[in-house]
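Spelled out, the chains give:
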2 protein chains.
Amino acid sequence: MYKILTKDGRAKRARFETVHGVIETPVFMNVGTAAAIKGAVATSDLEQIGTQVELSNTYHLHVRPGDETVKKLGGLHKFMSWDKPILTDSGGFQVFSLAGLRKIKEEGVYFNSHVDGRKIFMGPEESMRIQSNLASTIAMAFDECAPAKAEREYIQNSVERTTRWLARCKTEMRRLNGLPDTINRCQLLFGINQGGTLEDVRVRHADIISEMDLDGYAVGGLAVGETHEEMYRILDVTVPHLPEDKPTYLMGVGTPANILEAVDRGVDFFDCVYPTRNGRHGHVYTDHGKMNLFNAKYELDDRPIEEGCGCPVCRRYSRAYIRHLLKAKEMLGMRFCVLHNLYFYNTMMKEIREAIEKHRFAEYKKEKLGRMSRPEMEKGE
Amino acid sequence: MYKILTKDGRAKRARFETVHGVIETPVFMNVGTAAAIKGAVATSDLEQIGTQVELSNTYHLHVRPGDETVKKLGGLHKFMSWDKPILTDSGGFQVFSLAGLRKIKEEGVYFNSHVDGRKIFMGPEESMRIQSNLASTIAMAFDECAPAKAEREYIQNSVERTTRWLARCKTEMRRLNGLPDTINRCQLLFGINQGGTLEDVRVRHADIISEMDLDGYAVGGLAVGETHEEMYRILDVTVPHLPEDKPTYLMGVGTPANILEAVDRGVDFFDCVYPTRNGRHGHVYTDHGKMNLFNAKYELDDRPIEEGCGCPVCRRYSRAYIRHLLKAKEMLGMRFCVLHNLYFYNTMMKEIREAIEKHRFAEYKKEKLGRMSRPEMEKGE
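Residues numbered from 1 in each chain as written. Chains lettered and ligands numbered in written order. Predicted model: local features only at pLDDT ≥ 70, side-chain atom pairs only at ≥ 80, totals over all residues. Heavy atoms only, no water.

Chain A goes by Queuine tRNA-ribosyltransferase in an unreviewed UniProt entry, where it is assigned to Lientehia hominis. Quoted verbatim from the Pathway (unreviewed entry) field of the UniProt record, the comment on chain A reads "tRNA modification; tRNA-queuosine biosynthesis." Chain A has a UniProt comment under Sequence similarities (unreviewed entry) that states "Belongs to the queuine tRNA-ribosyltransferase family." (UniProt positions renumbered as here; feature names shortened; annotations may be inferred.)

This is the structure in structure tokens:
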């Protein structure tokens, strides 16, 4: 179901077949935390901007509207009217970043809801049940994302527990996929590599989970405070220890430059809130760097955000109009910027796929990075 | 350019030809205050929901981004990418309702911007120049909308000044339409009838302005605090004194019931913020009354807002999903409700036109009002 079509250096160009359709990789998954892309972007919009995979957050949907509710409504695909692949994260990252007081035990994590403060317990089995109720295409294993600056001993213990949790996730997912009233009985499970910036821990963990025959493998716990160089170094040493013939997913990453560097290191799944979050603040991506549309110099600029861009916004609306909308606090301004940014990311992934197919990825990467850092524009993040 | 196709009682079914295309009346103009429909609705969306005329606010656009800026960008049509008719109000209503300390003089009104407090002067000539810069299809005359509870003497003086202002508007508009660098040299001017709830003042004013050969006539200063019955009474006595062979516009009105009653009294242009404002609060219109989508009873309701509705939202998304979006404060929830509500209003106007054509408007009105007030749903406003 996962097939490498070609490689260019370490960069993989693959095709991943799922019950909800084919994913051409490298792919950037568009983040819709609470079953909606922030910025008033509908699934009907996603169909116009080349989105292949939508990503929703297990923790958020468990808290509201509740995964049981989503199940009663036929699962996430029916709920949000999206028939292409959906990946749900495990809830782990949010438990560790959003929730209030929490207690980590062998069985799982006790914490308080960030919405109403009520006590919630989530362990590997709970995460799998929630994701099975949501009926996403791809479920992520429940892991601990250890603090960026944790001690070696903490990280080692955490990673070992995450490995035990992964085994429990796999067992529970197999059980759930066998139940007659499960909506998506072909739900896939990706494991997550952890280990902070400790190369030996990362490698040992990668070796262990690679033996567990999962549907895909993610590198988690990066882009949480370490430098870009540290992240690239961890990818350099870790990715070779993950199965090449499975999807390789770098969670929560990143800038266009991060993605280009990670593709070069064998990663082919990405997700990040940058294009949506930056869009909501009027920051838009172009081939010549990032622009802040609040800038006064765009007041009379009747050009599209990016000349030649085929997105629904650039085909019709000007920088001057979008700047006005942002200044006037019209939601439409945010929507336009988010749409353009997602189109930019999705289109860059398409360019990356084409470059790998033509075995000119190194050349493409150099050109793209060169263009995006031209001094006349604000630099990319 | 304005042609009555048929009448049914006092209800007019007309066609109004403008440089930006034909307006079939009765028509409901969709309000986009600051050159955008609030709720992240783009002009590309308006094309999907049967919008004929977009209405923008002169005062808001004068303050931000500035009418000179809009002119430099080619006028409002180019600015917001909308090639159908646009009506701009005169700014008068906002000056009297939004602005801070103001002083009314014969020459115009001195007031402070509600955005940055700076002093602004607006009189008939200024309003015409601003609207000429915006280059809307239809400009509204600069008038005073007297307070709902003003004394007879105040209202009489105010109406007389509004008449003098109207003459100045007409002179200035003719001059502006003759200038070579005016964007829309065919800009139309509608006069506005005032007089509060004083029938004799309304009628005398209507008679006077009817002699001034304007492109259309509005009834202003209603729906500002008087009862619906008072409003209908004023229409009953005033509309017969306005030219039947010109558009008849009831400003800022109203609920579906208000519109049906006003059409029955010869009105054929409407605008109102209800569908957009209510939509942003999760209140949606249906043929069976208004629904509050925040209501818990919609949590598991997988039906569209209105079964059989052809709007882009009802064709695809459920009450349960929209309720979730609203509860999760996702902008998309607001956008969906606004889109549905505007479609509801635009579609009701289409039904009204068809009913008049078939000379069964009275029957249609009775049916529609009966359906919308069914007790099982929340009642219309």
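Following the structure, the description resumes.
### A closer look at the sheet that holds strand S11 (residues 188–193) of chain A
All names here are of chain A. Strand order around the closed barrel formed by eight strands is S4-S5-S6-S10-S11-S12-S13-S14, with parallel pairing between neighbours. In this sheet, neighbouring strand axes are inclined to one another by 30 degrees on average, regardless of whether the strands run parallel or antiparallel. When strand S13 (residues 248–250) meets strand S14 (residues 269–271), the two strands line up parallel, connected through two bridges. Bridged to Leu250 within S14 is Phe270. Its contacts with the sheet put helix H6 (residues 124–134) on strand S6 (86–88), strand S10 (138–140) and S11, and the angle it makes with S10 is roughly 160 degrees. (Pairing = 2+ DSSP bridges. Helix = DSSP H or I, 4+ residues; strand = E, 2+ residues; numbered from the N terminus. Axes fitted to C-alpha atoms, helices over the stretch in contact; angles between N-to-C directions. Contact = heavy atoms within 4.5 Å.)

### Quick notes on the UniProt feature "active site" (unreviewed entry) in chain A
Residues and elements named next belong to chain A. The sites that carry the UniProt feature "active site" (unreviewed entry) are, in the present numbering, Asp89 and Asp271. Sequence-wise these annotated residues cover 183 residues; spatially they are packed, their C-alpha atoms never more than 10.6 Å apart. Among the residues just listed, Asp89 and Asp271 line the second largest pocket. Looking at the secondary structure, you find Asp89 in the loop between S6 and helix H5 (92–97). According to the relative accessible area criterion, Asp89 is buried, its value standing at 9%. Not counting residues within four places of it along the chain, the set of residues in contact with Asp89 comprises Ser56, Asn57, Thr58, Tyr59, Gln94, Gln131 and Met140. Exposure remark for Asp271: the relative accessible area of 10% places this residue in the buried category. Polar side-chain contacts of Asp271 include one of 2.7 Å to the side chain of Tyr249. (1 Å grid on protein atoms, 1.4 Å probe; cavity = no way out; pocket = protein on both sides within 12 Å on 5 of 7 lines; lining within 4 Å. Buried < 20%, exposed > 50% of the residue type's maximum accessible area, 1.4 Å probe, protein only. Polar contact = N/O pair within 3.5 Å; in protein donor to acceptor, adjacent residues only side chain to side chain.)

### Observations concerning the interface of chain A and chain B
At the junction of the two partners, chain A supplies 42 residues and chain B supplies 42 residues. Summed over both partners, the interface of chain A with chain B buries about 3400 Å², with 56% contributed by carbon and sulfur atoms. The largest contributions to the chain A side of the interface with chain B come from Arg316, His324 and Met331 of chain A, which together make up 18% of the buried area. On inspection of chain A and its partner chain B, the count reaches eight salt bridges. A salt bridge links Glu47 of chain B to Arg316 of chain A, with the nearest nitrogen and oxygen atoms 2.6 Å apart. Linking chain A with chain B are 22 residue pairs in polar contact (both at pLDDT 80 or more), by the criterion used here. Those elements that provide at least two residues to the side of chain A that touches chain B are helix H1 (43–46), helix H3 (67–72), helix H4 (76–80), helix H12 (319–327) and helix H13 (331–357) of chain A. (Buried area = accessible area lost by both parts, 1.4 Å probe. Salt bridge = Lys/Arg side-chain N within 4 Å of Asp/Glu carboxyl O.)

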